[in-house]
Amino acid sequence: MAHRITLIPGDGIGPEVSKAVVDILESTGVGFEWERVEAGAAEFERTGESLSLDVIEACKRNRVTLKGPIGTPIAKGFQSVNVRLRKVLDLYCNFRPVESLPGALTHFGDMDMIIVRENTEGLYAGLEHEVVPGVVESLKIVSERASTRIARWAFEYARTHGRKRVTCVHKANIMKMSDGLFLKCFRNVAVDYPEIHHDEKIVDALCMNLVMNPHQFDMLLLENLYGDIVSDLGAGLVGGLGMVPGANIGDDSALFEAVHGTAPDIAGQNIANPIALLRSGILMLEHLGEPHAAHRVRRALEHVMTRTDVRTRDLGGTASTSEFTAALCSAIQSGAGLD
């Protein structure tokens, strides 16, 4: 039976990389039915609504969504579609693997780190108001319920996937109540997983350690805003935002997305790199219970990245999006990288 997936192509290069990833995933032979819906800046200009109820209902109905990059206005305009989807679908876990890929020039090789971010609370939730003209207040909400469930998700993932260490990242030395509660919940949950080492790191010290010796970390658990910042730092360790996947997971729904921007300067030129959304698609295959297909795509991607003739321009090559896509589809169908 085919998997029914909500597809949100996104803005800018979104439709191009989304098409590429759909073609690559379909080359595995796994059955898909794509329900395409529109959201984002382009949809806001067209209809005055960046995220309609129809889109939300499609995400709820199909329970799995693949989403390209969506533009968000800076300091004005509509609220982030990404944030709204995470809140309305209760996608409380943001899951960002930071893994090296052959062919990407980086300062650190052989990276294998997991970033788990609480996705619904904290400053990043965007609860702001103007107290009086010239004075704006942002609310940082941290609850025991949300902090406990994301900590438990991280430890359960570590147990299931053989990870050895979970590090809680915080600023409880300054925000003693909010970050203090997040840290307390982490400590309480850790007691139930004695086989997994757990420790704590203040967020500024973590950032310094990540750029000096990132291999010392296995899994990082962070609240919302810290997680957003540190996950981009992590992406920089393995080649940038164009190389890393992103998943937003809840109890009833999951959304897999490109975490980079919309790159309007190259939109429509058939030169965009689809790897970030493709790697998110691999996570989606695993979530759908298609581990064999996920493995085939992962190994084919590694195989193609050892070649220099099909790299996109951001990776130092001259290949178009469609040429890169064709190479991946061919590699998957031939079983490249599996021997």
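Report follows, based on the coordinates. Everything numeric in this text was worked out from a predicted model, so none of it was measured.

Rules used in this analysis
Residues numbered from 1 in each chain as written. Predicted model: local features only at pLDDT ≥ 70, side-chain atom pairs only at ≥ 80, totals over all residues. Heavy atoms only, no water. Axes fitted to C-alpha atoms, helices over the stretch in contact; angles between N-to-C directions. Helix = DSSP H or I, 4+ residues; strand = E, 2+ residues; numbered from the N terminus. Parallel < 35°, antiparallel > 145°, perpendicular 65-115°, else oblique. Left-handed = near helix turned anticlockwise from the far one by under 90°. Contact = heavy atoms within 4.5 Å. Nonpolar A, V, L, I, M, F, W, Y, C, P; charged D, E, K, R; others polar. Pairing = 2+ DSSP bridges. Right-handed = clockwise from strand over helix to strand, strands pointing away. Buried < 20%, exposed > 50% of the residue type's maximum accessible area, 1.4 Å probe, protein only. Core = buried A, V, L, I, M, F, W, Y, C linked by side-chain atoms within 4.5 Å. Expected span 1.5 Å × (residues − 1). Arc of directions from axis to C-beta. Polar contact = N/O pair within 3.5 Å; in protein donor to acceptor, adjacent residues only side chain to side chain.

## Examining the packing of helix H9 (residues 275-287) against helix H10 (residues 291-305)
- Relative to each other, H9 and H10 sit at 155°, their axes nearing to 7 Å. What the angle tells us is that H9 and H10 run roughly antiparallel. Viewed along their axes, H9 and H10 form a crossing whose handedness is left-handed. Every residue of H10 that contacts H9 at Ile275, Leu278, Arg279, Ile282, Leu285 and Glu286 is listed here: Pro291, Ala293, Ala294, Val297, Arg298, Leu301 and Met305.
- Split into classes, the residues belonging to the contact of H9 with H10 amount to 10 nonpolar, no polar and 3 charged.

## Topic: the pairing of strand S2 (residues 32-36)
- Where strand S1 (residues 3-8) and S2 come together, 5 bridges link them in parallel fashion. Pairing of Thr6 across the sheet is with Glu35, part of S2.
- The β-α-β motif built from S1, the intervening helix H1 (residues 14-26) and the parallel element S2 has right-handed crossover chirality.

## Looking at the environment of Val132
- With respect to the secondary-structure elements, Val132 resides in strand S6 (residues 128-132).
- Along the backbone, Val132 and Ser322 are 190 residues apart, and their C-alpha atoms lie at a distance of 53 Å.

## Considering the sheet that holds strand S4 (residues 93-99)
- Taken together, the 10 strands give an open sheet; going across it, the order is S2-S1-S3-S12-S11-S4-S5-S10-S8-S9, and neighbouring strands pair in mixed fashion. Because the sheet does not close on itself, it has two edges, and the strands there are S2 and strand S9 (197-202). When the angles between neighbouring strand axes are averaged without regard to direction, this sheet yields 25°.
- This element, helix H7 (residues 203-212), spans strand S5 (112-118), strand S8 (165-170), S9 and strand S10 (219-222) of the sheet and lies at about 100° to S9.

## Thoughts on unusual backbone geometry
- Within the chain, Arg63 stands out as a residue other than glycine whose phi angle is a positive 70°.
- Considering the arrangement of structural elements, one finds Arg63 in the loop between helix H3 (53-62) and strand S3 (64-67).
- Of note, Ala263 is a non-glycine position whose phi angle comes to about 45°, a positive value.
- Inspection of the secondary structure assignment puts Ala263 in the loop between strand S12 (254-258) and H9.
- Relative accessible area serves as the criterion here: at 24%, Ala263 is assigned to the partly exposed category.

## Description of the nonpolar core
- By size, the foremost hydrophobic cluster in this structure holds 70 residues, and its most contacted members are Phe95, Val116, Leu221 and Met284.
- Excluding residues within four positions of it along the chain, Met284 makes contact with Ile5, Leu25, Phe32, Trp34, Val64, Leu66 and Phe256.
- In terms of nonpolar packing, the next biggest core, distinct from the first, is built from 19 residues, Phe108, Val230, Leu237 and Val244 among them.

## Section: the packing of helix H5 (residues 144-161) against helix H6 (residues 178-190)
- Their axes nearest at 8 Å, the elements H5 and H6 cross at an angle of 45°. As far as their axial angle goes, H6 and H5 are oblique. In this structure, the crossing between H5 and H6 has a hand that is right-handed. Between H5, through Glu144, Ser147, Thr148, Ile150, Ala151, Arg152 and Phe155, and H6, the contact on the second element is made entirely by Leu181, Phe182, Cys185, Phe186, Val189 and Ala190.

## Some remarks on helix H8 (residues 224-237)
- End to end, H8 covers 20 Å across 14 residues, agreeing with the expected 20 Å (1.5 Å per residue, within 8%).
- Where H8 is concerned, the buried positions are Asn224, Tyr226, Gly227, Val230, Ser231, Gly234, Ala235 and Leu237. Viewed end-on, H8 has its buried residues packed into an arc of 165°, placing them on one side of the element.
- Elements in contact with the buried residues of H8: S4, S5, S8, H6, H7 and S10.
- Two to three positions downstream of the cap, the backbone nitrogen of Leu225 sits 3.1 Å from a side-chain oxygen, assigning the N-cap of H8 to Glu223.

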